[in-house]
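Close look at the chain arrangement
What follows is each chain in one-letter form.
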Amino acid sequence: MSDAPARPARTVKLNVINEPKDSYTGGKSSLCPGCGHDQISNVIIAAAWENGIEPHRIAKMSGIGCSSKTPAYYLGQSHGFNTVHGRMPSVTTGAYAVNKDLLYLGVSGDGDSASIGIGQLIHAIRRNMDMVYIVENNGVYGLTKGQYSATADVGSKKKKGKINTTQPIDLAALAINLGCTFVARSFSGSKKQLTSLLKAAMSHKGFALIDVISPCVTFNNNDESMRSYGYVKENEITLHMTDYIPHFNPVEEVEVPEGHFRDIELHDGSTIRLETISDEHDPSNAVAALTALHGAETDQKHVTGLLYFDNTKPALAEDLGLVDTPLINVPADSLRPSKAILDQLNAALLG
Amino acid sequence: MESIANDYTINIATANGTGSQSANLILLQAFFEMGVPVSGKNLFPSNISGLPTWYIMRLSDHGYQAPGDRTHIQVLVNPATWAEDLAALEPGSVVIWNENAKMEMNRDDVISYPVPMSALARKINPKIAKLVTNIVYVGVLAQMLGIDQTALESAVAKQFKGKDSAIELNITALGLGRDYFKDNFTKDDPYVVEPREIETPKFFIDGNEAAALGCIFGGVQMLAWYPITPSSSLAEGIINYIPQLRVDDEGNATCAVIQAEDELAAAGMVLGAGWAGGRGMTATSGPGISLMQEFIGLAYFAEIPSVFWDVNRVGPSTGLPTRTQQSDITMLYEGSHGDTQHIVLIPGTVEECFEFGWRAFDITERFQTPVFGLSDLDLGMNRWACEGFTYPDQDMDRGKIVRDKDVFEAFEEFGRYLDVDGDGIPYRTLPGSGMDPILYRGTGHNPKGVYSEKPEDYFNLMARLKSKIDGARDLLPAPILREETECEVGIIYLGSMENTIQEIDDMLEATGLKVSQCRVRALPLHSEVEEFIRRHETTIVLEINRDGQLYGILRKELPNDLITKVHSVAYSDGMPPRARIYSDRILSTLKEVNQ
C-alpha cells in the first residue's frame, strides 16, 4: 500500500493493573480552550491511572456548572452521575450507603459548592463521607457568563464589572473548622502538586477536599483578577513539596530527599511525603493551617499544599453499622424477612 | 330510660403534654378488647406541651369510624377550651368534668358528673397528679359505661409493657375513678358498653407503623429522612424494626439509615441509592415534597428508581401541621417542572399501608421511575383495627437490570435509554459493573444516554416516558369496587376516606338513592375507573381538599363524553371527615345536577 518503512510497534505503557492510560480517558472537552478545568481532568486521568484503580470501580459525581460537566471528559469506563446544582454530595451519600466499595470522585465548582450547595458540602464533611471532593474554583459563574461567585477574592476584578468587595468564603478554612479529615489547596497549573494531592486523596478513607484554583480564561483571567493564571503563578505560597508513594511501591525504594521531610501514611498503605521548603507545616495542626490561610488572605496570596489531615475519625460507613457486603450485593432472603417471621410478628401484635 | 349501647361518641378535652394520650389509648384498647367496634382520633396541636388536644372515640356496632356528627359524652379537663366545648354540646349530653379545674358548669340541660379529678390524683402521688388526673377520668368512664375490669387491666398492661410500677399506679387510679362514680352518682344517662363476640382477632396499629413494616419486608436498603409531622413515625418505625428484622447474627444491618440535613438532601440520597442499584426511600409530608421537586424531576427524566412516602397534612405552606387532608395528589402526580407524570400508590387501610410499603419498591424498579406512597395524617397517625399483615405474594422484582456480562453481550445493541422490548422500559447496568458505563444526567439525552439537543431525541424520549407510565396503569393496584345493580350514583374516592365512606353511603341510601363505590388506589388511573364512570348515571368524586384534585385529573384524562357525568365534592376543614358534611354536599350536588 505504501512504500514508507513500517514503523516499529509502539509499546503501550501499562499501569500496575496492566491498563493503558487510554482506559482512563473520556470524551472531548467542550470547555473554553485553556480552561483550568481541563488541566484538572488530565490530572484526574493521570492519578487514577498511576494509582492503578480499576476504572469501573470509580463513580464520577458532579453537580451543575462548567466544572460539573467535566466528568464526561475523563474516566469513560466509569459510571457517573451529573446530578442537580449543589446536590452532588447527597446523591453520592445515598449511592455510598448501598455500595461502599466504589471510589467516589466528586467534582464541583465554586458556585455549586460555596453557594447553592454549601449546606450539602458541610453535611457531607460532617458525616466524614468517604469521597474525594474537588472544587474547581475560579471565582465566577462561567456557564451563565461571568457573575461573581461566593469565593471571589476581595479586591479582585473580573474581566467585566466592578472590583469585588464582598467577603469570600474560603472553602478550605471552612472545611478545617468543620473537622474535615483531608483538606488541600492547589492550582490547576501545578500539575505535579495537584497529582500527588489527588492520589493521596484517593488513598484516604473519609472526606477529602481539594480546593483547586482553576482560572476561567473567558471571564476572570485578566490582570486585575486574583484568580488569573498570571496572578496565581506570581502569588502562590507553597507549604511544602508533595510527593506520593503508592502502596505497591515500597517507601524504602524511594530516594530520600536531602532536606527535612514528613511522611504521612494513608489508609490504603500509600504515603504522602511533604518536603519542607522553608518553615515546616504540620498538617495535623488545624490552627497552623488556619493561620497559613489567614495570612495568605491578608497578603492577597494563595497558599497551596496539604493543609490539614486527620486519620483518626471514623468514615461514614462505620457509623452506618452495616453488614460488610455492600448492600447491593446482599441476597434477597436477607433483605426480606421470611413468612415465618411475619407470622410471629402478627401473633405478637395480636398479643 | 332505654339504654344506648355501642353507638355514641366520646370527646375528651385535655392539654397537650399532660399524659392524656396514654390514658385515652387505654380506654380505646379496653373497648377494643371487649370486641366493641371503636375508632379513635387524636386531634393534637402543633406543640409539645400546654395547648388544647381532643381525643374523639366513636363506638359503633355499624363499624362507623368517622368522628360522628355530635358528641354524646364530653370529658372536660382543660380549662382553656372549657367554655367552647361546653357550649357546643347538644342538650342531654353527658359531661364528666374536673371539679378542681376552677371552672364553671353553666349548663343545666346536660347530664353532669362533677369529679374532683385532681384531688383524687393527688391522693395517689402529688408529684405526678397531672398525669394521674387523666387516668381517673378513664376510671369514671369505665364505671359509668360498664367497661369490663379485665379488659381495662389488660389494656393498661399493654400500654405500659412490663413497667410494673406504672401498671400498678394506673390500676389504683382507675379504681379511684370507678369508686368515686359508684359512691357519688346514680347513673343518669343511657350510655352503656356491651361486649361483642370477637369473630376474628384484631390488633390496633397506625398506618405509619404498618407502612414502615411494609418497607422492611420490601427490602428497603437505604432510608434517608428529615423529621416532619406527620411522617416521622413512619421513618422511626423502620428504624425501630431494623434491629429486630434486618440484621445479621452480629447485629449488622442490611438497611442504612441517614437522617439528612433537609428534605432536598434526603431526596438526593434516595436517588443516589437507586442509581447505585439499591432500594432507597424517604418519608415526608407536603412541605418536604415541595422541597424535593427538583430531584423528583431528575428521577423521572434520568429514570432512577426511588420511593417517596408522603403522609399528607393540611397545606398550603406550613398549614395545619397536625391536621389531615388529601391535598398533595396533584403535586405528586405531576411533580417537578416540565412535563412529568408519576406513579402514586394510595392506601386506604393499614393492611394496604403494609402492602404498598413493599410493593412500591417492586414498582419503582420495574418502571425505573419515582413511586410515591400517599397516606395522610388520619390514616398514618391514628390507630386502626387490623387482622394481620399478608406476606408478599411474589418475589422481589428488581426490574430490568443487566448483571451478567453474557447477558449484556447478547444484546444486539445496548443503550441505557433504548426501548428494546417496546414497553418503554429500557435496561440498565449498575455502577461498578463496568458494563455500559454512562454519565447519568438531567440534561437531554439520546438512547445511549449521551447529551443531545436534537429535536427527535427530545421528542422521542418524552414520548417513551409517557408510554412507559401509561403502560403501568393496569399493573398498579386496581380500584376497589362495591357496586349496586342499579347504577344510579357512583362515588369515586381515595385513601383514608375509606374509614368514612360506609357511613356516607348509608346516609345517602337512607334517602332512597342507590350508591356504588369505587376507591382509587393508584395513579395513573386504572382503566376500571373509566368503566365505572361509564356504567353509572352520575359519578361524584369525593375528596378531602378544596379544589377537587382527583376530579381535576379525571377531567383531564377522561374521554369527552364522560366528563359531563363526573362531579366534584371536595371539602376540607382540617378535621377528619365527618360523614354528614360529605353526604349533605353530595345530595346538594346531585340536586344541582338533576335540575
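Numbering of residues begins from 1 in every chain and follows the order in which that chain's sequence is written. As they are written, the chains are lettered A onward and the ligands numbered 1 onward, keeping that order. Where local features are concerned, this predicted model is filtered to residues with pLDDT of at least 70; where side-chain atom pairs are given and counted, the filter is 80 or more; whole-chain, interface and lining totals use all residues.

A tally of helices and strands in chain B yields 20 helices and 24 strands. Values of the radius of gyration come from C-alpha atoms, whereas the globule rule sets the reference at 2.2 Å times the count of residues to the power 0.38. Scaling as 2.2 N^0.38, a compact globule of 595 residues should have a C-alpha radius of gyration of about 25 Å, and chain B matches this with 26 Å. Around each residue's C-beta, the other C-beta atoms within 10 Å are counted; 20 or more make the residue buried, 12 or fewer make it exposed, and counts in between make it partly exposed. All C-beta atoms are placed from the backbone. Burial statistics for chain B: of 595 residues in total, 53% are counted as buried. By definition, residue pairs are in contact when their C-beta atoms, positioned from the backbone, come within 7 Å. For chain B, the share of sequence-separated contacts (at least 6 apart) that also reach a separation of at least 24 residues comes to 74%. Labels follow the DSSP assignment, with helices taken as runs of H or I lasting at least four residues and strands as runs of E lasting at least two, numbered in each case from the N terminus.

Our focus in this paragraph is the overall build of chain A. The secondary structure content of chain A amounts to 12 helices and 13 strands. Here chain A has a C-alpha radius of gyration of 22 Å; the compact-globule value for 351 residues is 20 Å, and the two agree. Across the 351 residues in chain A, those meeting the buried criterion constitute 54%.

It is worth spelling out the interface of chain B and chain A at this point. Contact with chain B, which involves 51 residues of that partner, is made by 49 residues of chain A. Contributing elements (two or more residues each) for the side of chain B that touches chain A: strand 9 (203-206), strand 10 (222-225), strand 11 (256-259), helix 9 (263-276), helix 10 (286-302) and strand 18 (439-441) of chain B. Across the side of chain B that touches chain A, the residue classes tally to 30 nonpolar, 14 polar and seven charged. Note on pairing: two strands pair once DSSP finds at least 2 bridges between them. Two elements, strand 2 (residues 79-82) of chain A and strand 18 of chain B, share three bridges in a ladder whose sense is parallel. When the bridges of strand 18 of chain B are listed, Asn82 of chain A appears paired with Arg441 of chain B. Note that Gly is not counted as nonpolar here; it falls among the polar residues with everything else outside the nonpolar set of Ala, Val, Leu, Ile, Met, Phe, Trp, Tyr, Cys and Pro and the charged set of Asp, Glu, Lys and Arg.

As a further point, take helix 5 (residues 149-159) of chain B. For helix 5 of chain B, the complete set of buried residues consists of Ala151, Leu152, Ala155 and Val156 of chain B. Down the axis, helix 5 of chain B shows its buried residues gathered within 135 degrees of arc, on one side only. Directions are taken from the helix axis to each C-beta atom, and the arc is the one they span.

Here the focus is the domain arrangement of chain B. Residues and elements named next belong to chain B. What the domain assignment reports for chain B is domain 1 (4-192), domain 2 (205-386), domain 3 (400-475) and domain 4 (480-594). Here the C-alpha centroids of domain 2 and domain 4 sit 27 Å apart. Each partner contributes to the interface: domain 2 provides 21 residues, whereas domain 4 provides 20 residues. In this document the domain limits rely on a domain assignment from an automatic tool or a database.

Residues and elements named next belong to chain B. Strand order in the open sheet formed by five strands is 19-21-20-23-24, and the pairing between neighbours is mixed. In this open sheet, the two edge strands, each paired with only one partner strand, are strand 19 (480-482) and strand 24 (566-570). Strand-to-strand twist of the sheet, defined as the mean angle between neighbouring strand axes without regard to direction, takes the value 20 degrees. Where strand 20 (residues 489-494) and strand 23 (residues 538-543) come together, four bridges link them in parallel fashion. The residue bridging Ile492 from the neighbouring strand is Val541, located in strand 23. Helix-sheet contacts for helix 16 (residues 498-509) involve strand 20 and strand 21 (515-520), and the interaxial angle to strand 21 is about 165 degrees. All axes are obtained by fitting lines to C-alpha atoms, using only the stretch in contact for helices, and the reported angles, taken between N-to-C directions, cover 0 to 180 degrees.

Residue and element names in this part refer to chain A. Taken across its five residues, strand 1 (residues 58-62) has five buried, putting it largely inside the fold. Residue alternation in strand 1 divides its side chains into two sets, Ile58, Lys60 and Ser62 and Ala59 and Met61, and both sets are buried. Bridge count for strand 1 against strand 3 (residues 103-109) is five bridges, and the pairing is parallel. Bridge pairing links Ala59 to Tyr104 in strand 3. Relative to strand 2, strand 1 runs parallel, the two sharing four bridges. Bridging from a neighbouring strand, Ser62 pairs with Asn82 of strand 2.

Turning our eyes to something else, we now look at helix 9 (residues 286-298) of chain A. Residues and elements named next belong to chain A. Multiplying one less than the number of residues by 1.5 Å gives the expected span of a helix. The first and last C-alpha atoms of helix 9 sit 18 Å apart over 13 residues, in line with the 18 Å expected at 1.5 Å per residue. Along helix 9, the positions that sit buried rather than exposed are Ala289, Ala292 and Leu293. Buried residues in helix 9, looked at end-on, bunch into an arc of 95 degrees, giving them a common side. When the buried face of helix 9 is taken as reference, the exposed residues oriented beyond 90 degrees from it are Val287, Thr291, Gly295 and Thr298. Among the structural elements, helix 6 (171-177) and strand 13 (302-309) are those in contact with the buried residues of helix 9. A positive phi of about 55 degrees marks Gln300, the residue just after helix 9.

Moving on: the sheet that holds strand 4 (residues 52-60) of chain B. Note: strands within a sheet are paired through backbone hydrogen bonds, in either parallel or antiparallel orientation. Residues and elements named next belong to chain B. Read from one edge to the other, the open sheet built from six strands follows the order 3-4-2-5-6-7, with strand pairing classed as mixed. At either margin of the open sheet sits one strand with a lone partner, and together these are strand 3 (38-43) and strand 7 (111-115). Taking each pair of neighbouring strands and ignoring which way they run, the sheet shows an average axis angle of 15 degrees. Strand direction decides the pairing type here: strand 5 (residues 73-76) and strand 6 (residues 94-98), joined by four bridges, are parallel. Bridge pairing in strand 6 places Gln74 opposite Val95. On the sheet, helix 4 (residues 129-145) packs against strand 2 (7-15), strand 5, strand 6 and strand 7 and is oriented at approximately 150 degrees with respect to strand 6.

With that settled, consider the confidence of the model for chain B. Model confidence for chain B is summarised by a mean pLDDT of 96, while 100% of its residues fall at 70 or above. Reported confidence for the predicted complex is 0.96 by ipTM and 0.96 by pTM. The predictor's confidence in any single residue is recorded as pLDDT, a number from 0 to 100.

Residues and elements named next belong to chain B. Close contact between helix 1 (residues 20-33) and helix 5 brings their axes to 8 Å; oriented N to C, the two are set at 130 degrees. The angle between the axes of helix 1 and helix 5 places the two elements in the oblique class. In the packing of helix 1 onto helix 5, the handedness of the crossing is right-handed. From helix 1, Ser22, Leu25, Ile26, Gln29, Ala30 and Glu33 reach across to helix 5, where they touch Ala151, Leu152, Ser154, Ala155, Val156, Lys158 and Gln159. Here the contact of helix 1 with helix 5 is built from residues that sort into seven nonpolar, four polar and two charged. We call two directions roughly parallel when the angle between them is under 35 degrees, roughly antiparallel when it is over 145, roughly perpendicular when it lies between 65 and 115, and oblique otherwise. Crossing handedness follows the turn of the near helix against the far one: under a right angle anticlockwise gives a left-handed crossing, and clockwise gives a right-handed one.

Another point: the environment of Glu531 of chain B. All names here are of chain B. In this structure, Glu531 sits in helix 17 (residues 527-535). We classify Glu531 as partly exposed; it has 13 C-beta atoms within 10 Å. A sequence separation of 31 residues divides Glu531 from Leu562, and the C-alpha atoms of the two residues are 10.0 Å apart.

Let us now look at unusual backbone geometry. Look at the link from Thr229 of chain B to Pro230 of chain B: it is a cis peptide, with omega at 5 degrees. Tracing the backbone through its elements, the reader meets Pro230 of chain B in the loop between strand 10 and helix 8 (232-245). Here Gly315 of chain B and Pro316 of chain B are connected by a cis peptide whose omega angle stands at 0 degrees. With a phi angle near 50 degrees, Leu75 of chain A is a residue other than glycine that sits in the positive phi range.

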